Amino acid sequence: MDFGVYVHVPFCRRQCAYCTFFTLPRPEREAEMSRFLDAVWVEWQLRVKPRLDRGHCLRTLYLGGGTPSDLPPRALGTFLQRLGASVPAGLKALEEVTVECNPESATPPTLDRLRAGGVGRISLGVQSVHPEDLRRLGRRATPRQIEAALDAVAARFPTWNADLILGIPGSNERRLLAALDVLAARRAPHLSLYCLELPRARAEIVGDPQTEASEAAKTTLYELASHWLSEHGYEHYEISNAALPGHAARHNTAYWAGREYVGLGPGAHSFEGQTRRANRADLGHYVAALNSGSEPPAQRQQLSAAERWRESVLLGLRRRRGVDLDELGLQAQQAWIEALCRQGLAELQGSRLWLLPRGWLVMDSIVLQMVTAAEERPARLTSGSRPRYIRPSSR
Ligand code: SF4
């Protein structure tokens, strides 16, 4: 049984204006962060080690957050060493070990330490290279720091990712192309492009209605980016992700393929085959439970067959490889599928259907069509409630 591990490090030096992740101000005292890492290590022993002992194969490790690269270097080094000692052949033998970094913490000494600790991939939160965009997002890094971080990462890691945000209020196509050019100059192996979700963004971003990015503006930016990616040799292999050949993200691809993963840390999510689990987003309760040797408080949801079917559709359509209609119990020869292909939104080969970038822009309505088609064939939904459409997270 293959699986991945995600570690959620909740600390950030400053809360970005648009952030919807579970984060906390980075503690002043390093001892508090060491206590947190000690608790994660206990959770690893309770939830990961038994799998390793049963012979399950840990393929990928991802440290996200938060800003894991901002942890005290010695404490982070000890933590990585502990994990490495617990994995057969160490962290370097895993398929992928990624750490998320913000540009201001992606300094040469930090990156060197991460590499020595077994980290093979960096995911850098660039978001934009324009000072006004960065100010609006509440980012700390300056364009100069971003370029220095990109150079430092590119010089040390054979594979890495840069995150960009589309649809920043007041931004425009010129600024997006400038950011893409900065990344192309470093031959960035992997890019993640997320549309800013304004309804969930904070008031200071949307404060000026004149500058709010419209859906039409976001569509234009997405299509521009998608065109740029194909012109520059990237495969747009998932709704928000593109990679040069051989650089697709393995950890995240396992999420989209429906493989199991164990999420450690407060607020971290896990998928255990038939069950989804979410650790409670509460650092105090998290550390207290693990200090007493118990698993942290968590919510669990057993997935019905209908829910698993719906997840297969949502996750499959996000990916360039799409879905197998036979496996979903749907017929390929249907008028609505032919219409999607005619309109340049999707392609069909045999029973495999995948969305094109223009189709990803209207994925919500395509999923609805698929659910409606499934409801007309209820025999394939073996149990549970009828599939309900949910909007997939872009991140
Ligand atoms: S650095 Fe990332 S996790 Fe931290 S506040 Fe900003 S967006 Fe959120």
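Residues numbered from 1 in each chain as written. Predicted model: local features only at pLDDT ≥ 70, side-chain atom pairs only at ≥ 80, totals over all residues. Heavy atoms only, no water.

1. Observations regarding unusual backbone geometry
Phi is mostly negative for residues that are not glycine, and the peptide bonds are mostly trans.
Step number 1: A cis amide bond, omega 15°, links G65 with the succeeding residue G66.
Step number 2: Of note, the phi angle at Q127 is positive, near 75°, even though the residue is not glycine.
Step number 3: You can see Q127 is positioned in strand β6 (residues 121-127).
Step number 4: Positive phi values are uncommon outside glycine, yet R187 reaches one of about 50°.
Step number 5: Structurally, R187 is set in the loop between α7 (173-185) and β8 (190-195). (Helix = DSSP H or I, 4+ residues; strand = E, 2+ residues; numbered from the N terminus.)

2. Remarks on helix α16 (residues 363-375)
For an α-helix, the turn length of 3.6 residues means that residues three or four places apart are oriented alike.
Step number 1: Given a rise of 1.5 Å per residue, 13 residues ought to cover 18 Å, and the 18 Å separating the end C-alpha atoms of α16 matches this to within 8%.
Step number 2: Restricting attention to buried positions, one finds in α16 the residues M363, I366, V367, M370, V371, A373 and A374. The buried residues of α16 occupy one face: seen down the axis, they fall within an arc of 160°.
Step number 3: Turning to α16, the residues buried within the fold contact α12 (305-318), β15 (323-324), α13 (325-328), α14 (335-342), β17 (352-355) and α15 (357-360). (Expected span 1.5 Å × (residues − 1). Buried < 20%, exposed > 50% of the residue type's maximum accessible area, 1.4 Å probe, protein only. Arc of directions from axis to C-beta. Contact = heavy atoms within 4.5 Å.)

3. A short note on the site of the ligand
Step number 1: Every residue near the ligand is listed here: C12, R14, Q15, C16, Y18, C19, T23, G65, G66, T67, N102 and R139.
Step number 2: Residue classes in the shell around the ligand are distributed as four nonpolar, six polar and two charged. (Near = heavy atom within 4 Å. Nonpolar A, V, L, I, M, F, W, Y, C, P; charged D, E, K, R; others polar.)

4. Digging into the domain arrangement of the chain
Step number 1: We note that the domain assignment places domain 1 (2-255) and domain 2 (305-380) within the chain.
Step number 2: Centre-to-centre, using C-alpha coordinates, domain 1 lies 30 Å away from domain 2.
Step number 3: Across the contact, 12 residues belong to domain 1 and nine residues belong to domain 2.
Step number 4: The contact between domain 1 and domain 2 buries some 880 Å² in all, and 62% of this surface belongs to carbon and sulfur atoms.
Step number 5: It is Y222, E238 and I239 in domain 1 that bury the most area against domain 2; as a group they hold 44% of the surface buried on that side.
Step number 6: On the surface where domain 1 and domain 2 come into contact, there are one salt bridge. (Domains from an automatic or database assignment. Buried area = accessible area lost by both parts, 1.4 Å probe. Salt bridge = Lys/Arg side-chain N within 4 Å of Asp/Glu carboxyl O.)

5. Considering the sheet that holds β15
Step number 1: On the basis of which strands lie adjacent, the open sheet formed by three strands has the order β15-β17-β16 and antiparallel pairing. Only two strands of the sheet have a single partner each, and these edge strands are β15 and β16 (346-349).
Step number 2: With four bridges joining them, β16 and β17 adopt antiparallel strand pairing. Bridge pairing in β17 links A346 to L355.
Step number 3: Contacting β16 and β17, α14 runs over the sheet at an angle of about 120° to β16. (Pairing = 2+ DSSP bridges. Axes fitted to C-alpha atoms, helices over the stretch in contact; angles between N-to-C directions.)

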